[in-house]
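# Structural overview for review
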Amino acid sequence: MASEAQNRSVGEKDPAELDKTPDDCGSNTSSSHDDTDAIRRGEAKDESQTAQRIITKDRPKRISGELRRTTSNVLAHVASRITTRTWPEPPPPPDGGINAWTQVAMGWLVIFTTWGWVNSFGSFQTYYTSVLPQPPSTISWIGSLQIWFCLIISVFSGRLLDAGLFLPTFFVGAIIQVLGMFLMSISTQYWSLMLTQGVLTGIGSGIFFTPSLALVATYFNKRRGLAVGLATTGNSAGGMVYPVVVRQLLPTLGFAWTARVLAFINLACLSIVFAFMRPRLPPRKSGPIIDFAAFREVVYDGVVVGIFATSMANYFTFYYIASYGRETLGLSYSSASIMVILINGAGIIFRIIPPLIADRIGPINVITPVTGAWAIVAFCWLAVDNVPGLYVFTCFYGIMSGSFQCLTATTIASITKRLDTVGTRLGMAFSIASFASLTGPPIGGAIQAANGGKFTNAQAWAAVMTFIGFVGLATARVSRAGWNLKVRC
């Protein structure tokens, strides 16, 4: 019995256990499915959390990008509104009429009292050399400093025209210039002449010269070259009148009253200008003092290089031509002073002819060959060894210098897209050229002194600088219109 019971327990299962077995299997199967579902739900949850983290991580980038786009759109919209409202396109120039030609006449008086006065320093250079103990190269710093201030201030005064502040700017500059001339009359030493004739008159001239010249350019388009050329004849006229006054009055009235007479001349001329000269364009309050974008234009850079290099040579020649006649060829002071009158007056007609041609074929097409011819004339100074040759050279040099100077403002205006930025760009070019005008005469004088007082090396240096100016303008011409000579530019 015991054996059967054992066999049954091993070989057979209890009915209760057999009845229980299917339920237990179902329960195990169900538990397995539950585990699988739990695993799947866990994986799905992990994937959902991972996706959520990715979305959360990308959301700042998406928001930042949307914010940047929105900000950019807003700024662009605001900038466009500011540009169109505060810097509108200027109205077209009248290109003629009584008012426009009146401005040309006033511009003539301005240049007469600024560059005519500056270019006449050669007569003072010769006189100061005879009465002051300083060497000629040191004395020439007075004239160089005068030119430097006249040009360097242009970078600020030119922008004042664009801002609508022409009249107060002109008034302040005229007062400073005339005051400097009256104080010059009581100056007897080198340092006092440096402060009055060099600093004060230079600062005053620089304050109103560039705004006045740029103002004339804004009244014309097709005839701009002629208008500016006519105005610049004041340069040659002043360069003749002031030396004649000095030459005639200095021996009779003395230096003090000669300087006072010159000051009264300027006072009368500038009073007329203040009464009649008026700007045409509405003020442009926005915009920088210096337009740095201009220096990314090869044509503008080439023109500035041309003005810079030729200015170095030009003012050395203007200041030393009389000294050359006196020291090398033995001319008297009175005869040597005629060279200053001649070099200024010879170009008066040629300040009109090149602008007339420039109005037809473009100013760059004219100023480039003019500078090339000027370089040839400059080299000819090396061959001058007698008085007749000096007269011939002085006449031709004055012609080429006048032809070049009457085209500088027109050339810069022609490569400036907006007329209400002409003052700014013209002031920038003149300010850069001021450093050449400042250093040119002293450098030439130092070269002369280093050569034992002989002018040969200084003459060669001046000619080379003029040729460099030609290269700069030729580069501007090629950049502007390529090698096609028929293109107007």
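Residues numbered from 1 in each chain as written. Predicted model: local features only at pLDDT ≥ 70, side-chain atom pairs only at ≥ 80, totals over all residues. Heavy atoms only, no water.

## Things to note about the pattern of salt bridges
Pairing is possible between side chains of opposite charge, provided their charged atoms come close. The test is simple: Counted as salt bridges are all cases of a side-chain nitrogen of Lys or Arg within 4 Å of a carboxyl oxygen of Asp or Glu. Numbering goes from the N terminus for both helices and strands, where a helix is a DSSP run of H or I of at least four residues and a strand is a run of E of at least two. We call a residue buried when its accessible area falls under 20% of the maximum for its residue type, exposed when it is over 50%, and partly exposed in between, using a 1.4 Å probe and counting protein chains only.
Under the defined criterion, the tally for this structure stands at 1 salt bridge. Residue Arg 425 pairs with Glu 297 through a salt bridge whose shortest N-O separation is 3.0 Å. Of this pair, Arg 425 sits in helix 15 (residues 422-450) while Glu 297 sits in the loop between helix 9 (224-276) and helix 10 (298-327); the two residues are 128 residues apart in sequence, bridging distant segments of the chain. Judged by its relative accessible area of 7%, Arg 425 falls in the buried class.

## Concerning the packing of helix 7 (residues 166-184) against helix 8 (residues 190-218)
Heads up, the condition is: Axis lines are fitted through C-alpha atoms, for helices just across the contact stretch, and the angle between N-to-C directions can take any value from 0 to 180 degrees. Orientation is classified from the angle alone, with under 35 degrees giving roughly parallel, over 145 giving roughly antiparallel, 65 to 115 giving roughly perpendicular, and any other angle giving oblique. In this scheme the handedness of a crossing depends on how the near helix is turned from the far one: anticlockwise by less than a right angle means left-handed, clockwise means right-handed. Note on residue classes: Ala, Val, Leu, Ile, Met, Phe, Trp, Tyr, Cys and Pro are nonpolar, Asp, Glu, Lys and Arg are charged, and everything else, Gly too, is polar.
Following both chains from N to C, one finds helix 7 and helix 8 inclined at 155°, their axes separated by 8 Å at the closest point. In terms of orientation, helix 7 and helix 8 fall into the roughly antiparallel class. Where helix 7 crosses over helix 8, the handedness of that crossing is left-handed. Its residues assigned to classes, the contact of helix 7 with helix 8 shows 15 nonpolar, 10 polar and no charged.

## What to know about the nonpolar core
Heads up, the rule is: Here, the term nonpolar core denotes a set of buried Ala, Val, Leu, Ile, Met, Phe, Trp, Tyr and Cys residues that are joined through side-chain atoms within 4.5 Å. Contacts are assigned to residue pairs that have any heavy atoms within 4.5 Å of one another.
Judged by nonpolar contacts, the single largest core of 127 residues is most densely connected at Trp 115, Phe 124, Tyr 128 and Tyr 397. Of the residues forming this core, the biggest block, 16 residues, is contributed by helix 10. Beyond its immediate sequence surroundings of up to four residues, Trp 115 is in contact with Ile 147, Cys 150, Leu 151, Phe 209, Asn 235 and Tyr 315.

## Things to note about the confidence of the model for the protein chain
Keep this limit in mind: The predictor rates its confidence in each residue with pLDDT, a number between 0 and 100.
Summarising the model, the protein chain shows a mean pLDDT of 80, and 80% of its residues fall at 70 or more. Averaged over each element, pLDDT in the protein chain is lowest for helix 1 (residues 2-11) (41) and highest for helix 13 (residues 363-380) (95). Every residue in residues 54-58 scores below 50 in pLDDT, and together they form 0 contacts with partners more than four places removed in sequence or on other chains. Note on residues 66-86: pLDDT under 50 across the span, and 3 contacts to partners over four residues away in sequence or across chains.

## Here we look at the packing of aromatic side chains
Threshold: Ring pairs are drawn from Phe, Tyr and Trp, using the six-membered ring of Trp, whenever the two centres fall within 6.5 Å, and their geometry is named by plane angle: stacked under 30 degrees, edge-to-face over 60, tilted for the rest. Remark: a charge is flagged as sitting over a ring if the NZ atom of Lys or the CZ atom of Arg is within 6 Å of the ring centre and within 35 degrees of the ring normal.
Taken as a whole and judged by the stated rule, the model has 35 aromatic pairs. Look at Tyr 127 and Phe 255: their rings are 6.0 Å apart centre to centre, the planes differ by 10°, and that puts the pair in the stacked class. One end of the pair, Tyr 127, is in helix 4 (residues 121-131); the other, Phe 255, is in helix 9, with 128 residues separating them in the sequence. Looking at Tyr 127, the relative accessible area reads 22%, which means it is partly exposed. Look at Phe 255 and you get buried, because its relative accessible area is 14%. When the centroid spacing of 5.1 Å and the interplanar angle of 80° are considered together, the rings of Phe 182 and Phe 264 count as edge-to-face. Remark: Phe 264 occurs in helix 9 and Phe 182 occurs in helix 7; sequence separation between them is 82 residues. When the ring centre of Trp 257 is taken as origin, the NZ or CZ atom of Arg 260, which lies over that ring, is 4.7 Å away.

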